[in-house]
Structures are given as structure tokens and as C-alpha cells.
Amino acid sequence: MAEEEKAEEENKAKDSKESGEYGANDIQVLTGLEGVRKRPGMYIGDTAVRGLHHLVYEAVDNSVDEALAGHCNLITITINKDGTATVEDNGRGIPVDMHPKLKIPSVEVVLTKLHAGAKFEKSTYKVSGGLHGVGISVTNALSEQLEVEISRDGKIYSQKYAYGKPTTKLTVKGSANKIGTKITFMPDKGIFSSVIFDFDILSSRLRELAFLNKGLRIIIKDERTGKSHDFFYKGGIKSFVEYLNKNKAPVHNVIYFSKEKNSTNVEIALQYNESYNESVFSFVNNINTIEGGTHLSGFKSALTRVMNNYGEKSKMSEGKLTSDDTREGLTAVISVKVKEPQFEGQTKSKLGNSEVKGIVDSVVYDNLNDFMEENPGVAKTIILKLISAARAREAARKAKDLVRRKNALFASSLPGKLADCSNKDPAQCELYLVEGDSAGGSCKMGRNRNFQAILPLRGKILNVEKARLDKIMNSKEITNLITALGTSVGEEFDINKLRYHKVIITTDADVDGSHISCLLLTLFYRYLKQIIEAGYLYIAQPPLYKVKKRNHVFYVYNEEKLKLLLNKIGKESIGIQRYKGLGEMNPDQLWETTMNPDHRTILQVTLEDAVEADRIFTILMGDEVELRRNFIEKHAKEVKNLDI
Ligand code: 0RA
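Residues numbered from 1 in each chain as written. Predicted model: local features only at pLDDT ≥ 70, side-chain atom pairs only at ≥ 80, totals over all residues. Heavy atoms only, no water.

With that settled, consider the overall build of the chain. Along the backbone of the chain there are 20 helices and 24 strands. The burial tally for the chain puts 52% of its 644 residues in the buried class. Of the contacts formed within the chain by residues at least 6 apart in sequence, a portion of 70% connects residues at least 24 apart. As displayed, the chain has an accessible area near 29,600 Å², and 50% of this comes from carbon and sulfur atoms. (Helix = DSSP H or I, 4+ residues; strand = E, 2+ residues; numbered from the N terminus. Buried < 20%, exposed > 50% of the residue type's maximum accessible area, 1.4 Å probe, protein only. Contact = heavy atoms within 4.5 Å. Areas by Shrake-Rupley, 256 points an atom, 1.4 Å probe, with all protein chains shown as cover.)

If you want it as C-alpha cells, here you go:
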């Protein structure tokens, strides 16, 4: 949507804020849905997996708003056998009265006009209309069929739509002894690359919503498989932190507090565990702010001050704790509800409202200070842990100085094993991280040396899930990698110094290869996360087979494609070679199949679901062998090509 259009709509919204009771008059009438069907990506991000599930979230967000307004405590999401999805709530029901100007029922306005919707009372917060909340009409616009059923005033009202346009009038379909809204829709096959809903994707976002809205029950049912989940958390984000730390070893009970200040609601839950990793998740109006923002800054600065104060007062301090020190082994959820959130950043997931920093800072400072005073036992445990983090940081700094000094002995500070490219513009440069010296050698010969650099990695790198920065800085393979990237690590990390805007993990398609990929992904996830967030990390897809038929050569990337190809070309007089490793390909083949930007496939690593990623890395790379085994057995189908 054009920026001016958006601004205009926002102004309209502000102008009509004074109104009191709900009713047709309170509904803002805006534009039609043609734009949504023309450029769906503008409204829901993409038309692939993410966009498809977005249709469900739009509907759910409206129900969550009804819950936030205090009128709904149950939302049920059903994936039906026929592939449709149903979102049902026990709220007041979308109004069915006539819209005075448009002379159509308000519900039809809500479903056919972009951004149409009631303005909620000033004392409540809205999810829809925030970052993603473009409105339920977007779901309607992108569905080939949609039916809305509203139960209120003892009646069930119903109306059907196709591609965003009503196909029936609003009619009374029967009598009702309950109230609420039920929306069932089938996504438009002409728009989405796939219209098959994924239970796990929906379930994980719905669990998050249930954590973030204490007391709201969210049920998801999959009629295709009989699977269902029932999410209800009395403890809200306190339960969220318990869930996040479930596979870790917590060192005290969850600390929780909340406060409303200057009409911003702040809710914080935190708990330290024995690991060295930080798992801090922040939310604004139920939206995961992966890029952080003012609420997160406020939290961090207060946390650092509280811990330093207590360290000094208790005479335990051995010197100043840095902000990073105070987040070692910390799991926390910061959830704020803001009236008019301003989102910034690359993915519009960073809170910009400057007033929120001070609000969160003071709420955290006051409450955490009190907690530390009142719970000296827990306070002491935490401070001891943070002091040990500070010692490790000091050791890491020394190790880093050592690396720096060692590097300075060479003419160039880049690692000797790096075959760098000649182009120096990061936007054009690629770094291949290649398993093994022999494959590394072939890649060096096969590459385009103008923009492709190669760093061979020998064997398995250190598992950073179980190590701290000081140990990590003593690992040659890892310091080589960080030096090649140019960003440094820890508090000195600087994404602007990244020397390549494509960093491509390239390993064999076997057990060792996937293990090395996991180790590298963990390193990036835990220590170089911004590289993932910026979209600079990729995984190469070298072929599994080479199929030769007379003079034709086909490179095949998975078993399924092999079957398809063999059906197409016939099985007579063909030769099939299975590549066991990258090392078996000669430089020309490596270039052709894995490195040539015109032919290769590289998968971008994204952080769709940060909570789930944290959980998976904890399980896959952590100490708990039993957990890992269970996880792999459960996900054996998905990871069969990973061979972890
Ligand atoms: C505007 C006004 C009222 C309810 C709603 C919207 C509403 C919308 C949705 C969308 C999904 N579920 C919903 N539940 C409620 C209040 C109407 C009244 O005065 O009763």
C-alpha cells in the first residue's frame, strides 16, 4: 500500500476516535479489496507458506482483540478435512446492523473493505491494525470461499463470499443459544503456491498467543489427522518462560512482574539457567519484535543497573558487569502493549516509540530491585553466575587480543586458509564455508574468483551450545571463520563489517556433513544471529546424483526428483552416479552444480520462529542425550536427509 494512502487512513482513524458505543457508525469505511488481489504480497508478506498461514492469523487476531477488550476467552481453530480452516470465538459477534452510509450490514463492511473495523475503546489495545493486522478482509480477498456465521441476539446470521465478494446476502440461518463469530474459508489456489495448512506452524504461533494472553484458551484441531492441542496458561508469560527453560537447568523460580504506566502495559518474566545462552524474546501487542527496539533497550539497561547495584551493595562485585554479562544464561519474555506502536527496521519488527524505553526501564528497575532485596538467596545465586560470565568475558577478551596479535604477525590479517575473492564490495561477494580440505581445493579451482571466496573447514567445529565465548575464541577453526567474516563477535560484533553478503554453508549430504551444518548453524544462531536476521546466511544444495543418458547429463538434488527424472527419460542406457561427497566432484562439476549462480540452488536460512529455533538448538546441540534421541525419533521423517 502506498505510504500516503496509509497515512490518510491513519488520520481518518484518529479523527473519529471520540465516538462512544459500538455500532455501524464506528466502523471505518475504507478502500475495496482489488488491491489486495492484485498485490497480495504487499499485505501478507508472500504467497507461499508464510502468507497462507497469515490468512489464519488475520482471523485469529480479530478474535484476540475481542479477548483483549475483555469479551472473549475461547478461540478454536480447526483445519477441516476438505482443506478449509475455521476460526471461531465466543466474543460479542461482529455487528450485523446496517451501515448508515453504505446500506449494507456492518459485517459485510468488515469483510469487504480494507481496514474496516471498529475502533476499540481507548482503554484497550489492538493486535489487528498493528504490524501485520491488515484485517480479516484480506483473508476474505484471498479466499475462493468464505463463510461468516455470527451468533448474537438469539440468532445465527450467515453470509458467504467468493474472492472477497459477497455471493449471498446476510441471512438468519437458525436460532442461537450462544454468542460469537465463526469464519470458515478456503484459500485461493490461484494465489498461493500451496493451500495445505501445516498443523505445527499454526500450533506454534497459537501456543505463543495463548502464553501472551493469560487466561485466553486457544484450541487447535486438525480433522485430517485427529491431532489437537489445547493451550491455556493461567501464568501467561511466566508459563512461557517455564516452557522455554523446560529443557534447560533453571537456577531459581521464574521472576514475574507487570505494571501499567502512561497507558503502556509492561509484563516481564525472567529466569536464569545453567547454560551460557541468552534466550530473550520481546513482543509488542502480541507481535514478536525480532529486531528488538525501545522496549528491549529499556529492559537491558535496567537489568544491567540492577545487577551492578546489587553486586556492589552485597560486596560481591569484582568489577563492572557489562550488559552482555547480565544476559548469560538468561531466559526472558518482555511483552508490552502499546496504544500506537511505531514499527521500524528491515522487517518492520523493531519498536520505535521512544517513550517506551523509559517506561520499561523504570518498571524493570523498580520491580527487579525489590525482588533482589527481598530474595537474597536467589539474588546471590544470580550475581555469582554473572560474575563468572564476566570472568569468562575477560578471558575471551584476552584470547581475542591474542588472536589479534597473532594475526598482526602476518602481512594480511585474513586467515591463510581463506581463498579470498578480488571484488571488495560485500554486496557482491560470497563466502563458501566448505567441509574438508579436498572439497575446499576443488571449490577453489571451480569458483569465480572475482566474487567467490572459499574457506575450507577441517572436521567438526566446536559445539558452541556447550561452550562459552572464551573457549570459542580459543578454537582456531572458529576464529578463522570470524576473521574471514570480518564482523568480530560478542560486544564488538558489527554487521557493517561483514565482508560477504552471502555466506554459504557447503557440506556433504551425509551424517558428518549434516552434523557440521548443525554446528555451524548453532554458531551463527548463538553468536552471529544478525547475519541470519539480515538474510545473509545460506545453505548450498549440492546434487546427490549425476544421471547420464547418452550425451545428456542431469544433476539431481533429491530422491524424489530422481524418481521423477527416471520416469521421464526412461531407464534404458543410463548411468547413475551417487555423490558421496563434494570431494567426488571435479572443479567444473562443482561450479556447474553448486556454485554457478545461474544454476545452483541455495537455501536462505531464516528465523521464522525464534522460539522454536531456540528449543531445537537446545535439544539438538545440548547435553540431554535422551531429549535429542526422542526429538530425532519424533521427527525422523523430516530429518531423514539430515542424518543427525
Ligand atoms: C466490532 C464491534 C464489536 C465486535 C466486533 C467488532 C468483533 C469482531 C470480530 C472479529 C472476529 N471476532 C470478532 N468479535 C467481535 C462489538 C459489537 C457489539 O456492540 O456488540
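Okay, the pattern of salt bridges next. Counting across every chain of the model gives 35 salt bridges. Between Glu242 and Lys238 there is a salt bridge whose closest N-O contact spans 3.6 Å. Residue Glu242 and its partner Lys238 are both found in helix H8 (residues 237-244); the two are separated by four residues, about one turn of the helix. When its relative accessible area of 40% is taken as the criterion, Glu242 is described as partly exposed. The class of Lys238 is partly exposed, set by a relative accessible area of 33%. Each of Glu147, Glu149, Lys173 and Lys182 takes part in a single network of salt bridges with overlapping partners. (Salt bridge = Lys/Arg side-chain N within 4 Å of Asp/Glu carboxyl O.)

So, on to the confidence of the model for the chain. With 89% of its residues at a pLDDT of 70 or more, the chain has an overall mean of 88. Note on residues 1-21: pLDDT under 50 across the span, and 19 contacts to partners over four residues away in sequence or across chains. Per-residue pLDDT stays below 50 along residues 116-123; that stretch engages in 30 contacts with residues further than four places along the chain or on separate chains. (pLDDT = per-residue confidence, 0-100.)

The next thing to look at is the packing of helix H7 (residues 199-212) against H8. Between H7 and H8, the shortest axis-to-axis distance is 7 Å and the interhelical angle comes to 135°. Considering the angle they form, H7 stands oblique to H8. Residue-level inspection shows Arg207, Glu208, Phe211 and Leu212 of H7 in contact with H8, the latter providing Ile237, Ser239, Phe240 and Tyr243. Partitioning the contact of H7 with H8 into residue classes produces five nonpolar, one polar and two charged. (Axes fitted to C-alpha atoms, helices over the stretch in contact; angles between N-to-C directions. Parallel < 35°, antiparallel > 145°, perpendicular 65-115°, else oblique. Nonpolar A, V, L, I, M, F, W, Y, C, P; charged D, E, K, R; others polar.)

Of all eight residues in H8, six are buried, a share of seventy percent or more. Along H8, the residues classified as buried are Ile237, Ser239, Phe240, Val241, Tyr243 and Leu244. Turning to H8, the residues buried within the fold contact H7, strand E10 (255-261), strand E11 (264-272), strand E12 (279-284), strand E14 (330-337) and helix H19 (610-621).

Looking at the element boundaries, Leu414 is found in the loop between helix H11 (376-408) and strand E17 (430-435). Its relative accessible area of 25% is what places Leu414 among the partly exposed residues. Spatially, the C-alpha atoms of Leu414 and Asn480 are 7.8 Å apart, while their sequence positions differ by 66 residues. When near neighbours in sequence (up to four residues on either side) are disregarded, Leu414 contacts Asp420, Thr483, Ala484 and Arg499.

Now for the packing of aromatic side chains. By the definition in use, this model includes six aromatic pairs. Here Phe211 and Phe240 contribute two aromatic rings whose centre-to-centre distance is 4.5 Å and whose plane-to-plane angle is 5°, an arrangement assigned as stacked. Of the two residues, Phe211 is situated in helix H7 and Phe240 in helix H8; the sequence distance between them amounts to 29 residues. The exposure classification of Phe211 matches that of Phe240, with both residues buried. Ring plane angle 40° and centroid distance 5.9 Å describe the contact between Phe240 and Phe283, whose orientation is recorded as tilted. Note that Phe240 is positioned in helix H8 and Phe283 in strand E12, a separation of 43 residues in sequence. The class for Phe240 is buried, based on a relative accessible area of 1%. (Phe/Tyr/Trp six-rings, centres within 6.5 Å; stacked < 30°, edge-to-face > 60°.)

A separate point is the environment of Phe192. Here Phe192 lies in the loop between strand E7 (180-187) and H7. With relative accessibility at 4%, the residue Phe192 sits in the buried group. The residues touching Phe192, leaving out its near neighbours within four places in the chain, are Ile44, Asp46, Thr47, Ala48, Gly51, Leu52, Leu55, Leu142 and Pro187.

A few words now on the sheet that holds E11. Pairing is mixed in the open sheet, where five strands are placed in the order E10-E11-E14-E12-E13. Edge positions in the sheet fall to E10 and strand E13 (287-288), since each of these pairs with one other strand and no more. Pairing of E10 with E11 involves seven bridges; the strand directions are antiparallel. Counted as the bridge partner of Tyr256 is Ala269 from E11. Most of the contacts of H8 go to E14, to which it runs at about 150°, and overall it touches E10, E11, E12 and E14. (Pairing = 2+ DSSP bridges.)

Take the sheet that holds strand E22 (residues 552-556) next. Two modes of strand pairing occur in sheets, parallel and antiparallel, and in both the strands are linked by backbone hydrogen bonds. Taking strand neighbours across the sheet as the criterion, the three strands line up as E22-E21-E23 in an open arrangement whose pairing is antiparallel. Both outer strands of the open sheet, E22 and strand E23 (574-578), are each paired with one neighbouring strand and no more. Each adjacent strand pair in this sheet contributes to an overall mean axis angle of 15°, direction not counted. As paired elements, strand E21 (residues 545-549) and E23 share five bridges and run antiparallel to each other. If you follow Tyr545 over to E23, its bridge partner there is Arg578. Across the sheet, helix H17 (residues 559-569) lies against E21, E22 and E23, angled at about 5° from E21, the strand it touches most.

To continue, consider the environment of Glu144. With respect to the helices and strands, Glu144 occurs in strand E3 (residues 143-152). Classification of Glu144 as buried rests on a relative accessible area of 17%. For the pair formed by Glu144 and Tyr161, sequence separation is 17 residues and the distance between their alpha carbons is 7.9 Å. The contact partners of Glu144, leaving out residues within four places of it in the chain, are Tyr161, Ala162, Tyr163, Met186, Pro187, Asp188 and Lys189. A distance of 3.0 Å separates polar atoms of two side chains, one belonging to Glu144 and the other to Lys189. (Polar contact = N/O pair within 3.5 Å; in protein donor to acceptor, adjacent residues only side chain to side chain.)

Below, the discussion takes up unusual backbone geometry. A positive phi angle, near 50°, is found at Asn285, a position not held by glycine. For Asn285, the location among the structural elements is in the loop between E12 and E13. With relative accessibility at 3%, the residue Asn285 sits in the buried group. Despite not being glycine, Lys315 has its phi angle at roughly 60°, a positive value.

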